[in-house]
Amino acid sequence: MQVRRKVIEMNKNKKICNVRIFIALLMVSYSISGKALSHSGMVELEDSDLREVSGQGLFVADMIRGDELTGANEYSTPFNFYRVGMDGEMQLNLNMTKLQLGCGGVNDFLSGHAGCDIDIDYVSMMGRDGYKPGDPQSPVTLDRPYMEFAIKNDDTHTMREVVGIKIGAATVDGFMATGRRYYNGVVNEENTGFGSTCNPSDFVGANVVGCHSGLNSVSGFLGTDLSLTMRVKAAVAGLIPLDAWGCTGRTTTTVDECGTSQDESIFVDLAGTRMQSLGLRSAVLTLNGDGIVSLLQAIGLNDVYAQLNADARTVHGLAFAETGDFFLSFQREPVAYPRYAKVSPTEEFTEQGLMGVALDACATTTHDTPRCHSAYAVPANTGWWMNAPSAKLVDVFNDDFDLGNVSIGGALELLGAPGFLIENPELNFHRAQNCYGSSKFC
Amino acid sequence: MFFRKCSTCADFDAFAYMLTAVDVRNGNSQYTCPGGEGCAGDGYTPRGVGVSNRNDGPGDQYTDGYDMSGRYYAISDSCQATSGDPYRCGYGGSYSVNAGAKHVFVLNKLDPSTTFGVASRPYKEEVDCGFFCGTTGETRGIPVIRTDVVNIGDSRIEGMQMNYMKFTSYGAGSP
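Chains are numbered independently. Their residues run from 1 in the order of the written sequence. Chains and ligands are labelled by the order in which they are written, letters from A for the one and numbers from 1 for the other. pLDDT decides what is reported in this predicted model: residues at 70 or higher carry local features, side-chain atom pairs at 80 or more are listed and counted, and totals for whole chains, interfaces and linings draw on all residues regardless.

(A) Quick look at the overall build of chain A. Put simply, DSSP marks the helices as runs of H or I at least four residues long and the strands as runs of E at least two long, and each gets a number from the N terminus on. The helix and strand tally for chain A stands at 7 helices and 18 strands. Within the span of chain A, comprising 442 residues, buried residues form 48% of the whole. Residues with at least 20 neighbouring C-beta atoms inside 10 Å of their own are called buried, those with 12 or fewer are called exposed, and the rest are partly exposed, where every C-beta is derived from the backbone.

(B) A look at the overall build of chain B. When helices and strands are tallied, chain B shows 0 helices and 13 strands. Mapped from its N terminus to its C terminus, chain B presents α and β elements in the order β-β-β-β-β-β-β-β-β-β-β-β-β. Counted over contacts in chain B with a minimum sequence separation of 6, partners at least 24 positions apart contribute 67%. Here, residues touch in the contact sense if the C-beta positions derived from the backbone fall within 7 Å of one another.

(C) Just the environment of Arg83 of chain A, in detail. Residue and element names in this part refer to chain A. One can find Arg83 in strand β2 (residues 79-86). Given 18 C-beta atoms within 10 Å, Arg83 falls into the partly exposed group. For the pair Arg83 and Arg313, spaced 230 residues apart in the sequence, the C-alpha separation amounts to 35 Å. Apart from residues no more than four positions distant in its own chain, Arg83 is found in contact with Ala61, Asp62, Ile64, Tyr146 and Glu148.

(D) The pairing of strand β17 (residues 383-406) of chain A, seen in detail. Residue and element names in this part refer to chain A. The pairing of strand β11 (residues 215-236) with β17 spans 14 bridges and is parallel. The partner of Thr229 across the bridge, within β17, is Phe397. Two strands are said to pair when DSSP picks up at least two bridges between them. Pairing of strand β16 (residues 317-331) with β17 involves 7 bridges; the strand directions are antiparallel. Bridging across to β17, Phe327 finds its partner in Asn387.

(E) Local environment of unusual backbone geometry. Residue and element names in this part refer to chain A. In this model, Arg144 sits at a positive phi of 50°, which is unusual for a non-glycine residue. Inspection of the secondary structure puts Arg144 in strand β7 (residues 140-152). Since 18 C-beta atoms lie within 10 Å of it, Arg144 is described here as partly exposed. Despite not being glycine, Asn428 has its phi angle at roughly 60°, a positive value. Note on placement: Asn428 falls in the segment after β18 (420-423).

(F) Main features of the confidence of the model for chain A. For every residue, the predictor states its confidence as a pLDDT score lying anywhere from 0 to 100. With 84% of its residues at a pLDDT of 70 or more, chain A shows a mean pLDDT of 83. Of the regions scoring below 50 in pLDDT, residues 30-37 of chain A engages in 1 contact with residues more than four places distant in sequence or in other chains.

(G) The arrangement of the nonpolar core in detail. Residue and element names in this part refer to chain A. By convention in this section, buried Ala, Val, Leu, Ile, Met, Phe, Trp, Tyr and Cys residues joined through C-beta atoms within 7 Å make up a nonpolar core. Grouped together as the largest cluster of nonpolar side chains are 112 residues, with contacts concentrated most on Ile118, Ala306, Phe320, Val335 and Tyr337. In terms of residues, this core owes the most to one element, β17, which gives 10 residues. When residues no more than four places from it in sequence are discounted, the contact partners of Ala306 are Ala283, Leu285, Leu414, Gly419, Phe420 and Ile422.

(H) Up close: the pairing of β16 of chain A. Residues and elements named next belong to chain A. Of all 15 residues that make up β16, 13 are buried, and the element is covered over most of its length. As paired strands, strand β8 (residues 161-178) and β16 are joined by 12 bridges and run antiparallel to one another. Within the sheet, the bridge partner assigned to Met176 lies in β16 and is Leu318.

(I) Layout of the confidence of the model for chain B. Residues and elements named next belong to chain B. On average, residues of chain B carry a pLDDT of 60, and 40% of them reach 70 or more. Ranking the elements of chain B by mean pLDDT puts strand β4 (residues 34-35) last, at 28, and strand β13 (residues 154-169) first, at 92. Segment residues 26-100 is flagged for pLDDT under 50; beyond a separation of four residues in sequence, or across chains, it makes 183 contacts in the model. Here the prediction assigns the complex a pTM of 0.80, and the interface score ipTM is 0.77.

(J) Inspection of the environment of Gln307 of chain A at higher detail. Turning to its location among the elements, Gln307 of chain A is positioned in strand β15 (residues 303-311). Spatially, the C-alpha atoms of Gln307 of chain A and Leu226 of chain A are 14 Å apart, while their sequence positions differ by 81 residues.

(K) The arrangement of the environment of Ala391 of chain A in detail. Residues and elements named next belong to chain A. Within the secondary structure, Ala391 sits in strand β17. Counting along the chain gives 31 residues from Ala391 to Asp360, while the straight-line C-alpha distance between them is 9.1 Å. With near-sequence residues (within four places) excluded, Ala391 lies in contact with Leu222, Gly223, Thr224, Leu318, Phe320 and Thr323.

Here it is in structure tokens:
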């Protein structure tokens, strides 16, 4: 009993001793800091002084649930999305000889042959001038670049899985130039599997494809805006000459009869894995010209129909004009990533006052598809995926397109939808030059 | 590059659609096109997908000329924009994977084509429904590869030259 009392007293004394030491240290500390303040001339900040101070984190982090935004669906709800971004603007100008992503693997089952999800030769990321490529040294601008991870089973720590990884930007503004053009006698080294023979005097067919390289396959979603102008020459039934300008979509040139307004645009949504061609059925070509065409114009029968099926290699560039929600991703199963803005494209255009003005299908009430009303992007397929919801392929211009002899049957096809088939036409697309410094790229 | 599920997790559906091209122009008389496999004769069959190795989707195809051994699943489509859904008119249609014995059908799985307003076309299979009935088409759903590991292939960038790069951080109050 006495031993226990002694122990309690000793503990009490120890506590008192500790408190005394702490108070002494506090007093010493106060006197030192007081001296320091007075010696350095530091003064207390007022509240108003704090208003002068500004700063913002360079890195931003966010978590978005797959079910919290408008338009949640089966490809978004199983996941939570973790986003790490930089609050800034990145400008780039770069060349790549060959970009191949997702070669082989599970998607070979889909295409039926060895290939890549994204396979592009001679890629340049550069600035733009309108919808044309900019100067060689001009940069493409990525606004607020970020990375995002799609996580499954996020609430169960032992089952948490990374399903997909995405690299993107709030908007991208610039031009992606692709491929090369070849001429007679030059071996097309990239097209050995299909159409490697180039005949520059051909206007349609495989020998046209042989004069081009570039977009071998693309996986992703491209919300495209298309237009073209062609001076079409033909001899109907070998007898009646035809020489006329034809156009479809909104074009800026004044040689044709197409206008520039939003309602003249042709919007085509392209989405899928390992896409290799670009097609347009029932394209209304408005003709203007001399001879029989002027007669048709006079009676209002100058609209003819054509189907275009172009190998993607004949296209040498896409313009991105402040394209929102641009990203590149890879995933093990389909994932609908959240849009950067976390609102649907239509809501975004409405907030910006651009409904009915912006040259985008989602800025209209007549061309909008369900994807325009979802705050989640188009589901990205298994494999690699590029998302560019507003890509411009406009003002494609060929002032010398000779169809040769067109049969009576072919002429009749011109009169009604889906129209006369033109397969692999020479679009006369030239690859943008991006020579810079010591680069021998072009 | 491989993705593997965690040891206690469920298998996942590696699944891709090959081509969906949706013409979103206003519906009018120019839309009289057949889509999907009906476009093959017009040169709209994607390279690498021949008719001989392709399964056709619902419709008359499952009775005659239906190719069970085909690896590919091509949904046939048709449209009449003046009286129906204009978005079904396009040069494509929807393609999905049908990897023989390795695939399973999932009923009521969302067809990604609906993102573009294209009506869902789940896979149908010919079944024998009895002596008096003959054969009929039974909806099986969307074919997927259900797996615990998937290889999404190799990647490379050859000959990359960065000519210019500049990063500018935004200040406070930037939009």
